[in-house]
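Coordinates in review
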Amino acid sequence: MDLETKALLLSRGTVQLSQPGREGKMSTAGPGAGESSIFFQSGSRMVRLSVVDSSALQLEMDGDEATISLEGRVIARGRVVEPLLHCPDQAYITISERCIYDCKFCAVPRLMGKVKSHERVMEMAKEAMATGRLESISLTSGTEVSPQHEAERVAALVRDLLPFGLPIGVSVNPFPGVNRILLDAGADEVKYNLETVDRDIFAQVCPGLSYQEIMDALEEAVELFGPNHVFSNVIIGLGESDQSLRQGIDELIDMGVLPILRAAYPHPLRRGEVDIVRPSADRMLGLARYLRMELDEKGLDGSLALTGCYRCTGCDLAPGRDL
């Protein structure tokens with residue numbers, strides 16, 4: 001699977017499974033929460049696709065080999081990879097599957113899922129460790145009560161996970177003081193999601209959140225955790241221009257933050273609440289190449305990430321790994 005093919009698959013975002021009885025794995029995190037997906041690997045590249053019966057892409061299995069076809073033509077050959085916890089080789093665990101914030105592109109506030117206990121998260125991590133495949137731990141969470149409450153809960157987990165001897169990344173909603181809490185607990189990396197770098201769109205789709213507070217937390221995080229270890233999701237397809245995206249990418253990179261360019265996903269539970277246009281393959285390629293160029297210019301390297309999305313690469317064109 002070359003870069004252009006991966007971009008095409010991501011621009012579609014979905015796949016139908018031809019074999020009866022085969023199912024994807026249910027997601028509990030982010031805009032795609034509540035839907036099942038599969039991981040498809042071809043060569044060194046990985047892509048995660050939501051399983052949708054009406055998808056134009058079709059995945060077929062022949063023994064261990066998998067093929068993905070579009071309009072009757074095979075466009076990629078590889079294999080289906082079994083995720084460990086949410087993604088391959090990572091314990092990527094969502095603590096609170098619910099959120100007090102109502103970001104208009106995200107299914108989590110509508111699903112109001114489980115809140116995992118401290119004991120359950122530790123049990124899941126131990127089970128993943130026992131497979132011998134675990135390389136890193138990523139803890140993400142909605143906001144059940146408040147950002148402060150969530151950060152303290154996650155920090156307690158980080159402290160108890162330190163004996164695993166693996167890199168630990170954390171993604172929560174930030175607030176003043178969050179970085180010190182997570183650093184003192186022993187976290188190696190953090191991710192605070194801007195979601196969109198267009199401030200006007202941010203105000204419309206992320207009510208109750210502060211754009212500036214997230215930026216301040218990201219800037220401070222780079223000082224404490226270091227360049228290449230601080231991340232932020234930037235969604236493509238919420239109505240922003242490429243010019244605003246490039247300006248936002250530059251601002252984040254100048255701070256030492258690694259942006260994660262994520263194709264917008266129109267979840268059925270949020271239909272009609274926000275205008276989402278999933279980006280074309282060409283748009284994603286152009287922005288990914290721009291991101292890689294700017295990272296190189298500032299001496300940042302996505303391949304140095306220890307946890308999370310830059311390690312997984314399933315949902316994005318990841319600089320330092322895909323290109």
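The structure presented is a predicted model; accordingly, all values stated were derived computationally and were not measured.

1. Describing the overall build of the protein chain
Along the protein chain, the regular secondary structure elements total 10 helices and 14 strands. Residue burial in the protein chain is summarised as follows: out of 323 residues, 58% are buried. Sequence separation of 24 or more characterises 70% of the internal contacts of the protein chain that already satisfy a separation of 6 or more. Per element, the accessible surface of the protein chain, about 13,500 Å² overall, is 46% carbon and sulfur. Averaging the coordinates of the 33 positive side-chain charges in the protein chain and doing the same for the 47 negative ones gives two points 4 Å apart.

2. Points about empty space enclosed by the protein
Going through the model one piece at a time under the given rule, you end up with 4 cavities of 30 Å³ or more. What the second largest cavity holds in volume is close to 110 Å³. Along the wall of the second largest cavity there are 16 residues; nearest its centre are Ser-138, Ser-171, Lys-191, Thr-307 and Gly-308. Secondary structure elements with two or more residues in the lining of the second largest cavity: β10 (136–140), β11 (168–171), β12 (189–191) and α10 (309–312). Of the residues that constitute the lining of the second largest cavity, the class distribution is 8 nonpolar, 6 polar and 2 charged.

3. A closer look at the pattern of salt bridges
Inspection of every chain in the model, using the stated rule, returns 20 salt bridges. The salt bridge partner of Arg-153 is Glu-150, with a shortest N-O separation of 2.8 Å. Here Arg-153 and its partner Glu-150 are both found in helix α4 (residues 147–161), 3 residues apart, which amounts to about one turn of the helix. Take Glu-150: its relative accessible area is 1%, and that puts it in the buried class. In this structure, the salt-bridge partner of Asp-254 is Lys-298, at a minimum N-O distance of 3.4 Å. Taken together, the residues Asp-254 in helix α8 (residues 242–255) and Lys-298 in the loop between α9 (281–297) and α10 connect sequence positions 44 residues apart. Accessibility expressed as a relative area gives 52% for Asp-254, which makes it exposed. According to the relative accessible area criterion, Lys-298 is partly exposed, its value standing at 37%. Connected through shared salt-bridge partners, Asp-102, Lys-104, Arg-110, Arg-270 and Glu-273 make up one network.

4. Here we look at the sheet that holds strand β8 (residues 86–87)
Reading across the sheet, the 7 strands line up as β8-β9-β10-β11-β12-β13-β14 and stay open at both edges, with mixed pairing between neighbours. Only two strands of the sheet have a single partner each, and these edge strands are β8 and β14 (258–263). Two elements, β8 and strand β9 (residues 90–94), share 2 bridges in a ladder whose sense is antiparallel. Looking across to β9, one finds that Cys-87 is bridged to Gln-90.

5. A few points about the layout of surface pockets
Quantified by volume, the largest pocket comes out at close to 330 Å³. Met-46, Asp-89, Arg-311, Cys-312 and Thr-313 are, among the 15 residues lining the largest pocket, the residues nearest its centre. Those elements giving two or more residues to the lining of the largest pocket turn out to be β7 (73–81) and α10. Split into classes, the residues belonging to the lining of the largest pocket amount to 4 nonpolar, 5 polar and 6 charged.

6. Some remarks on the environment of Gln-41
With respect to the helices, strands and loops of the structure, Gln-41 is situated in strand β3 (residues 36–42). Take Gln-41: its relative accessible area is 18%, and that puts it in the buried class. Here the alpha-carbon distance between Gln-41 and Leu-17, two residues 24 residues apart in the chain, equals 15 Å. In contact with Gln-41, not counting residues within four places along its chain, are Met-46, Gly-78, Arg-79 and Val-81. Polar contacts involving the side chain of Gln-41 include one to the side chain of Arg-79, which spans 2.8 Å.

7. So, helix α7 (residues 211–225)
End to end, α7 covers 21 Å across 15 residues, agreeing with the expected 21 Å (1.5 Å per residue, within 8%). Along α7, the residues that are buried comprise Tyr-211, Ile-214, Met-215, Ala-217, Leu-218, Ala-221, Val-222 and Phe-225. In an axial view of α7, the angular spread of the buried residues amounts to 160°, which keeps them on one side of the axis. Phi turns positive one or two residues past the end of α7, at Gly-226, with a value near 95°.

8. Some thoughts on the packing of α8 against α9
Direction vectors running N to C along α8 and α9 enclose 25°, while the axes themselves pass 10 Å from each other. Between α8 and α9, the angle is such that the two are roughly parallel. Handedness of the crossing formed by α8 with α9: right-handed. Where α8 abuts α9, its residues Asp-242, Leu-245, Arg-246, Ile-249, Asp-250 and Ile-253 lie against Arg-283, Leu-287, Tyr-290, Leu-291, Glu-294 and Leu-295. Of the residues in the contact of α8 with α9, the class split is 7 nonpolar, no polar and 5 charged.

9. Observations regarding the nonpolar core
One finds Phe-105, Leu-139, Leu-182, Tyr-192 and Leu-218 to be the most contacted residues of the largest nonpolar core, which totals 82 residues. The element best represented in this core is α7, accounting for 8 residues. Membership of the second largest hydrophobic core comes to 26 residues, among which are Leu-10, Leu-49, Leu-59 and Leu-317.

Cut-offs applied
Residues numbered from 1 in each chain as written. Predicted model: local features only at pLDDT ≥ 70, side-chain atom pairs only at ≥ 80, totals over all residues. Heavy atoms only, no water. Helix = DSSP H or I, 4+ residues; strand = E, 2+ residues; numbered from the N terminus. Buried < 20%, exposed > 50% of the residue type's maximum accessible area, 1.4 Å probe, protein only. Contact = heavy atoms within 4.5 Å. Areas by Shrake-Rupley, 256 points an atom, 1.4 Å probe, with all protein chains shown as cover. Lys, Arg positive; Asp, Glu negative; His and termini not counted. Charge placed at Lys NZ, Arg CZ, Asp CG, Glu CD. 1 Å grid on protein atoms, 1.4 Å probe; cavity = no way out; pocket = protein on both sides within 12 Å on 5 of 7 lines; lining within 4 Å. Points joined across faces, edges and corners; volume = space filled by probe spheres on them. Nonpolar A, V, L, I, M, F, W, Y, C, P; charged D, E, K, R; others polar. Salt bridge = Lys/Arg side-chain N within 4 Å of Asp/Glu carboxyl O. Pairing = 2+ DSSP bridges. Polar contact = N/O pair within 3.5 Å; in protein donor to acceptor, adjacent residues only side chain to side chain. Expected span 1.5 Å × (residues − 1). Arc of directions from axis to C-beta. Axes fitted to C-alpha atoms, helices over the stretch in contact; angles between N-to-C directions. Parallel < 35°, antiparallel > 145°, perpendicular 65-115°, else oblique. Left-handed = near helix turned anticlockwise from the far one by under 90°. Core = buried A, V, L, I, M, F, W, Y, C linked by side-chain atoms within 4.5 Å.

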